[in-house]
Amino acid sequence: MRTTSVPVDAGAAPSRLPCEVDQKNVITQSPAGSVPVRVYLVCASELKPVERAIPVPKRGAGAGVPLAQALLDALRADPSADEHQAGFTTYVESPLLVTGARASDPDGALRLSVQPEDLRQTALAQIVCTLAENGVGGGAGPSGTGQVVRGGPGTYAPRAYTCDPGVKADPDMPLPTAAPASPGPSAS
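Residues numbered from 1 in each chain as written. Predicted model: local features only at pLDDT ≥ 70, side-chain atom pairs only at ≥ 80, totals over all residues. Heavy atoms only, no water.

1. A look at the side chain of glutamine 115
Working step 1: Structurally, glutamine 115 is set in the loop between strand S4 (110-112) and helix H4 (121-133).
Working step 2: Those residues in contact with glutamine 115, other than ones at most four positions away along the chain, are Gly152, Pro153, Gly154 and Tyr156. (Helix = DSSP H or I, 4+ residues; strand = E, 2+ residues; numbered from the N terminus. Contact = heavy atoms within 4.5 Å.)

2. Observations concerning unusual backbone geometry
Working step 1: Here serine 94 and proline 95 are connected by a cis peptide whose omega angle stands at -15°.
Working step 2: With respect to the element layout, proline 95 can be found in the loop between helix H3 (81-86) and strand S3 (98-99).
Working step 3: One non-glycine residue, alanine 44, lies in the positive phi region at around 55°.
Working step 4: Along the polypeptide, alanine 44 turns up in the loop between strand S1 (34-43) and strand S2 (46-55).
Working step 5: For serine 45, which is not glycine, the phi torsion reads 65° and is therefore positive.
Working step 6: Following the sequence through the fold, serine 45 ends up in the loop between S1 and S2.
Working step 7: Exposure remark for serine 45: the relative accessible area of 55% places this residue in the exposed category. (Buried < 20%, exposed > 50% of the residue type's maximum accessible area, 1.4 Å probe, protein only.)

3. Observations concerning the nonpolar core
Working step 1: Of all hydrophobic cores here, the largest spans 40 residues; its most connected members are Val39, Leu71, Phe88 and Ile127.
Working step 2: At eight residues, the largest contribution of residues to this core is made by H4.
Working step 3: Residue contacts for valine 39: discarding those within four places in its chain leaves Lys48, Pro49, Val50, Arg52, Leu71, Ala74, Leu75 and Thr130. (Core = buried A, V, L, I, M, F, W, Y, C linked by side-chain atoms within 4.5 Å.)

4. A closer look at the pattern of salt bridges
Working step 1: Inspection of the entire model under this criterion finds five salt bridges.
Working step 2: One salt bridge connects arginine 111 with aspartate 105, and the closest N-O pair in it is separated by 2.9 Å. Exposure class is identical for arginine 111 and aspartate 105. Each is buried. (Salt bridge = Lys/Arg side-chain N within 4 Å of Asp/Glu carboxyl O.)

5. Comments concerning the side chain of arginine 150
Working step 1: Within the secondary structure layout, arginine 150 lies in strand S5 (residues 146-151).
Working step 2: Here arginine 150 is buried and forms no salt bridge, its nearest opposite-charge partner aspartate 105 lying at an N-O distance of 9.0 Å.
Working step 3: A polar side-chain atom of arginine 150 sits 3.2 Å from the main-chain carbonyl oxygen of valine 136.
Working step 4: For arginine 150, the contacting residues outside a window of four places in its chain are Gly108, Ala109, Leu110, Leu112, Pro116, Leu131, Val136, Gly137, Pro158, Arg159 and Tyr161. (Lys, Arg positive; Asp, Glu negative; His and termini not counted. Polar contact = N/O pair within 3.5 Å; in protein donor to acceptor, adjacent residues only side chain to side chain.)

6. Quick word on the sheet that holds strand S6 (residues 159-163)
Working step 1: Taken in spatial order, the five strands line up as S3-S4-S5-S6-S7 in an open sheet, and their pairing is mixed. Single-partner strands in this sheet number two, and they are S3 and strand S7 (177-178).
Working step 2: With two bridges connecting them, S4 and S5 associate as parallel partners. Note on S5: the bridge partner recorded for leucine 110 is arginine 150.
Working step 3: Packed onto the sheet, H4 meets S5 and S6 and runs at close to 120° relative to S5. (Pairing = 2+ DSSP bridges. Axes fitted to C-alpha atoms, helices over the stretch in contact; angles between N-to-C directions.)

7. Side note on H4
Working step 1: With 13 residues, H4 ought to run about 18 Å at 1.5 Å a step, and its terminal C-alpha atoms sit 18 Å apart, in line with that.
Working step 2: Most of H4 is tucked away, with eleven of its 13 residues classed as buried.
Working step 3: Three or more residues of H4 are buried, namely Thr122, Ala123, Leu124, Ala125, Gln126, Ile127, Val128, Cys129, Thr130, Leu131 and Ala132.
Working step 4: Contacts from the buried residues of H4 go to S1, S2, helix H2 (64-76), S5, S6 and helix H5 (165-169).
Working step 5: Immediately beyond the C-terminal end of H4, within one or two residues, lies glycine 135, with a positive phi of roughly 70°. (Expected span 1.5 Å × (residues − 1).)

Following this line, the structure appears as structure tokens:
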């Protein structure tokens, strides 16, 4: 290839993906009967929050399962054109269903149709941080940390997974876990 002495305008230098989406459209364009929520997608090898719309969750006892399922469905959805252009992607794949806790599970535990340890690490980080952000199965804690208790379809006891700034910065790292809390009062 030959060089040229004539200046050539090749455009702007490449830059990092912006990892930002105009979120005001989520609220103004949400269908009736839906609410905006924050979910964590992957951009530039980190977890970044974006707003998505989900059906209005029911309230009261048993509301955790439908809310968790709606959040998982929002995570599984392909990024919008704006999200894709900004560099967002998701590693959460179908099918992934949520069921309630078993009698021997701790309070707030939910079970997935796949053992959490069998999910891709980044997908598990997306799920844990999204559920913690939205107060499902433990909720957000101080300094943006949150802990959620998840189990799978097997006989293994649920684990308490933590979403903290380190997980958001590197979702490929193993998530901090703890032994689950003691079983709920309905345990026998």
